[in-house]
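Examination of the molecular architecture
If you want the building blocks of each chain, they are given just below.
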Amino acid sequence: QRSAAARAGMERHADITEVLFSEQNIKTRVAEMGQQLASDYQHKQPLVLGVLSGSFIFMADLVRCIQPPPSGLHVDFARAQSYAGKATWSSGEVHTIMGKLPIQNRHIILVEDIVDSGQTTKNLIIGLKKAGVASCALVALLNKTSRRVENVDVALQGFECPDKFVVGYGLDFDEEYRSLPFIGVLRPECYS
Ligand code: 5GP
Ligand code: MG
Ligand code: MG
């Protein structure tokens, strides 16, 4: 357990204008989400499929909160990319690379860092359904409903996210800021 002073220091960064979700906020919410999934998937042998790279920290914390773990819970990662390099909007062109485990007839828990326009996730879900999954539930840490273009059903969300560009806890801008333990708003001068 870090001291309050150390924690306060870790929740600051020169490029962040505002902390939206603190390390403690996130921890509490992720624990609740894990409990929910443990109960929903008790007898379902879920395949928890994280979408790289943004979900890597959320994934690691979430799977450890699915307690007690349903038997047959497996973990894998897919990759989706919709941003063209240094951009803060979705290019609409989504490239998807599925994980290594077979997904046919599996109950998929699809784990996303953030659903914004919904294009990335929509594309992935279409791919999963084509592959014949038994079910697919979307779990997103952040839900930016105000910017939705594609209709995607978020089964479980961490937090509603305001229409601001956020980084930290796995989320990047041009590969930076992923390691911050909190989620905050990136100073606009950093991307404009
Ligand atoms: P969508 O296809 O839903 O528009 O975009 C999804 C992807 O865009 C996310 O997985 C994430 O990589 C990126 N994204 C959308 N909004 C934000 C944001 O506020 N911050 C960061 N860092 N990435 C975002
Ligand atoms: Mg994502
Ligand atoms: Mg990104």
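Refer to the structure presented above.
Quick look at the structure, then.

About the thresholds
- Residues numbered from 1 in each chain as written.
- Chains lettered and ligands numbered in written order.
- Predicted model: local features only at pLDDT ≥ 70, side-chain atom pairs only at ≥ 80, totals over all residues.
- Helix = DSSP H or I, 4+ residues; strand = E, 2+ residues; numbered from the N terminus.
- Rg over C-alpha atoms; globule rule 2.2 N^0.38 Å.
- Buried ≥ 20, exposed ≤ 12 C-beta atoms within 10 Å, placed from the backbone.
- Contact = placed C-beta atoms within 7 Å.
- Pairing = 2+ DSSP bridges.
- Right-handed = clockwise from strand over helix to strand, strands pointing away.
- Axes fitted to C-alpha atoms, helices over the stretch in contact; angles between N-to-C directions.
- Expected span 1.5 Å × (residues − 1).
- Core = buried A, V, L, I, M, F, W, Y, C linked by C-beta atoms within 7 Å.

Looking now at the overall build of the chain. Summing up its helical and strand segments, the chain has four helices and nine strands in all. Moving toward the C terminus, one meets the helices and strands of the chain in the order α-β-α-β-α-β-β-β-α-β-β-β-β. In terms of overall dimensions, the chain is globule-like: its C-alpha atoms have a radius of gyration of 16 Å, near the 16 Å expected for 192 residues. Going through the 192 residues of the chain one by one, you find that 32% of them count as buried. Within the chain, contacts between residues at least 6 apart in sequence are counted, and of these 70% link residues at least 24 apart.

Attention now goes to the pairing of strand S6 (residues 135-143). The element S6 is extensively covered by neighbouring structure, given that seven of its nine residues are classed as buried. As defined by bridge partners, strand S5 (residues 107-115) adjoins S6 across eight bridges and the pair is classed as parallel. In the sheet register, Val115 faces S6, and the bridge partner there is Asn143. One crossover worth recording links S5 to the parallel S6 by way of helix H4 (residues 119-130), and it is right-handed. Pairing between S6 and strand S7 (residues 154-160): five bridges, direction parallel. Counterpart to Val139 in the pairing with S7 is Leu156.

Turning to the pairing of strand S2 (residues 47-52), a few remarks are in order. Extensive coverage of S2 is indicated by the burial of five of its six residues. Where S2 and strand S3 (residues 74-81) come together, six bridges link them in parallel fashion. Within S3, the position partnered with Gly50 by the bridge is Phe77.

Let us now look at the sheet that holds S5. The strand order S4-S3-S2-S5-S6-S7 describes an open sheet built from six strands, whose pairing is mixed. Unpaired on one side and paired on the other, strand S4 (95-97) and S7 mark the two borders of the sheet. Strand-to-strand, the axes of this sheet are offset by a mean angle of 20°, without reference to chain direction.

Here the focus is the environment of His95. Along the chain, His95 turns up in strand S4. As a C-alpha pair, His95 and Thr120 span 25 residues in sequence and 8.2 Å in three-dimensional space. Excluding residues that lie within four positions of it along the chain, His95 makes contacts with Ala80 and Gln81.

Ordered in space as S1-S9-S8, the three strands form an open sheet in which the pairing is antiparallel. Looking at strand neighbours, the two that pair on one side only are strand S1 (16-21) and strand S8 (166-167), the edges of this open sheet. Here S1 runs beside strand S9 (residues 183-186); their pairing, made up of four bridges, is antiparallel. Directly across from Glu18, in S9, lies its bridge partner Val185.

Here the focus is H4. The end-to-end C-alpha distance of H4, which contains 12 residues, comes to 17 Å, matching closely the 16 Å that a straight helix rising 1.5 Å per residue would cover. For H4, every residue scored as buried is listed here: Gln119, Thr120, Thr121, Leu124 and Leu128. Where the residues of H4 are buried, they touch S2, S3, S4, S5 and S6.

Looking now at the nonpolar core. Counting 44 residues, the largest nonpolar core has Leu49, Ile108, Ile109, Leu110, Val111 and Tyr169 as its most contacted members. In this structure Leu49 touches Asp76, Phe77, Ala78, Gly99, Ile108, Ile109, Leu110 and Val111, once residues within four positions along its chain are discounted.

What follows deals with the environment of Lys130. Within the secondary structure layout, Lys130 lies in helix H4. In this structure, the C-alpha to C-alpha distance between Lys130 and Gln104, residues 26 residues apart in sequence, is 9.2 Å.

For Arg79, the location among the structural elements is in strand S3. The partly exposed category is assigned to Arg79, around which 14 C-beta atoms lie within 10 Å. Separated by 18 residues in the primary sequence, Arg79 and Ile97 have C-alpha atoms spaced 5.0 Å apart. In contact with Arg79, other than residues within four places in its own chain, are Leu52 and Ile97.

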